[in-house]
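Summary of the model geometry
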Amino acid sequence: MAPRAYWKGYLKLSLVSCPIALYPASSSSERVSFNRINKKTGNRLKQLNVDSETGEQVEREDVGRGYEVGKGEYLQIEDEEIEKIQIESTHAIDIDSFVPKAEIDNRYLDSPYYIAPTDKVGQEAFAVIRDTIRDKGMVALGRVVLSRREHVVMLEAFDKGLLATTLRYPYEVREATAYFEDVPDLKLPKEMKELAAHIVDSKATKFDPTAFQDHYETALVEMLRAKQAGRVIQAPKPQESPRVINLMDALRASIGQESKKKPAAASTKTRERAAPAPAKRKSAR
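Residues numbered from 1 in each chain as written. Predicted model: local features only at pLDDT ≥ 70, side-chain atom pairs only at ≥ 80, totals over all residues. Heavy atoms only, no water.

**With respect to the overall build of the chain**
Looking only at helices and strands, one finds six helices and nine strands in the chain. Burial analysis of the chain (285 residues in total) assigns 21% to the buried set. Nonlocal contacts in the chain, meaning residues at least 24 apart in sequence, comprise 68% of its contacts between residues at least 6 apart. A total of about 23600 Å² of accessible surface is found on the chain, and carbon and sulfur atoms cover 52% of it. (Helix = DSSP H or I, 4+ residues; strand = E, 2+ residues; numbered from the N terminus. Buried < 20%, exposed > 50% of the residue type's maximum accessible area, 1.4 Å probe, protein only. Contact = heavy atoms within 4.5 Å. Areas by Shrake-Rupley, 256 points an atom, 1.4 Å probe, with all protein chains shown as cover.)

**Side note on the environment of Glu172**
Looking at the element boundaries, Glu172 is found in the loop between strand 9 (161-167) and helix 3 (177-180). In terms of polar contacts, Glu172 uses its side chain to reach the backbone amide nitrogen of Tyr169, at 2.7 Å. (Polar contact = N/O pair within 3.5 Å; in protein donor to acceptor, adjacent residues only side chain to side chain.)

**With respect to a nonpolar patch on the surface**
A cluster of nonpolar side chains, namely Tyr67, Val69 and Leu75, defines an oily patch on the protein surface of about 330 Å² accessible area. Inspection of the secondary structure puts Tyr67 in strand 3 (residues 65-70). (Patch = residues over 30% accessible without salt bridge, like charges linked within 9 Å, V, L, I, M, F, W, Y side chains within 5 Å. Salt bridge = Lys/Arg side-chain N within 4 Å of Asp/Glu carboxyl O.)

**As for the sheet that holds strand 2 (residues 16-24)**
The mixed closed barrel is built from seven strands, whose spatial order is 1-2-6-9-8-7-5. Mean inter-strand twist for the sheet, computed between neighbouring axes without regard to direction, equals 40°. Pairing between strand 6 (residues 109-117) and strand 9: five bridges, direction antiparallel. Looking across to strand 9, one finds that Pro112 is bridged to Thr165. (Pairing = 2+ DSSP bridges. Axes fitted to C-alpha atoms, helices over the stretch in contact; angles between N-to-C directions.)

**Notes on the side chain of Thr218**
Tracing the sequence through the fold places Thr218 in helix 5 (residues 215-228). Residue class for Thr218 comes out buried when judged on its relative accessible area of 17%. A polar contact of 3.4 Å, which involves the side chain of Thr218, links it to the side chain of Gln213.

**So, the confidence of the model for the chain**
For the chain, per-residue confidence averages 85 on the pLDDT scale, and 87% of positions sit at 70 or higher. Strand 9 holds the highest mean pLDDT among the elements of the chain, 97, whereas helix 6 (residues 247-260) holds the lowest, 77. Below a pLDDT of 50 lies the segment residues 265-285, which in the model reaches 36 contacts outside its immediate sequence neighbourhood of four places, other chains included. (pLDDT = per-residue confidence, 0-100.)

**Things to note about the environment of Tyr6**
In this structure, Tyr6 sits in the segment before strand 1 (7-13). When the C-alpha atoms of Tyr6 and Tyr114 are compared, they prove to be 10.0 Å apart, with 108 residues separating the residues in sequence. The contacts of Tyr6, once residues within four sequence positions are left out, are Leu22, Tyr23, Pro24, Tyr113, Leu146 and Ser147. Engagement of the side chain of Tyr6 in a polar contact is seen with the side chain of Ser147, the distance being 3.2 Å.

**Notes on the nonpolar core**
Among the nonpolar cores identified, the biggest contains 20 residues, and Trp7, Leu11, Ile20, Ile93, Ile115, Phe126 and Leu155 are the most heavily contacted of them. With four residues, the top contributor of residues to this core is helix 2 (residues 123-136). Each residue touching Ile20, except ones within four places of it in the same chain, is listed here: Trp7, Lys8, Gly9, Tyr10, Leu11, Ile93, Ile115, Ala116, Pro117, Thr118 and Phe126. (Core = buried A, V, L, I, M, F, W, Y, C linked by side-chain atoms within 4.5 Å.)

**Side note on the pairing of strand 4 (residues 73-77)**
Sheet topology note: the strand 3/strand 4 ladder contains five bridges and is antiparallel. Residue pairing for strand 4: Tyr67 is matched across the bridge by Leu75. Count of turn residues in the strand 3/strand 4 antiparallel hairpin: two residues, of which Gly72 carries a positive phi of about 75°.

Printed below as a string of structure tokens:
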């Protein structure tokens, strides 16, 4: 079964265009999630819209949008007014420029999406744009409207398609100065830096996401299995806080510890999922 497109439109490079579909490249739906329930009855709770002043429940058709212009004062906005806002990139990703990927600050990277052509007629134009991006060794920057908001997207060749990553705007990225202003500039001894570099070299490997394990998710699954089976859930032993010792001694001891370890083969087996009571879980919002 083909995946459902999140957005459909056109990809444009100057006068070259082709119909495309955009699909989310990441998902959190496989994470363990919980519903809010009544602890006395075990029944799931429903969320109700309640007027903050009168305390009365508001029917769905009376729920609208409001922009706060003062304390407790809202400017009411209708859906029709928002829909009247016309943005040029509503139905197209228009490539504006090309830049080296290394120039894009990682703090601006947001959400990834796959882009693929949607019909045979546009496949050649799509391939031209994809291969040009790949051959130039750069990424393309364009604009797209998703959920009524305009986003800047970074496009790069990926497999037989394109990988689009939405970028944050400057006002969404916090400046680092305030967080690091109290960090002093230190002149580190040469031996200390060499010891640290040796530890890094001993841990150097190739990036393999299949070796990643979400330990908290695994613990949640085991807890659900134990509870469903009626077993007593044991609390983990408290971890000891790291001892504060001489830094040079710690570096030398770390090298000795790493030299004793043998690199473990990365497991590529997919973690077995638990089967708690509800087969499909949805997060309560």
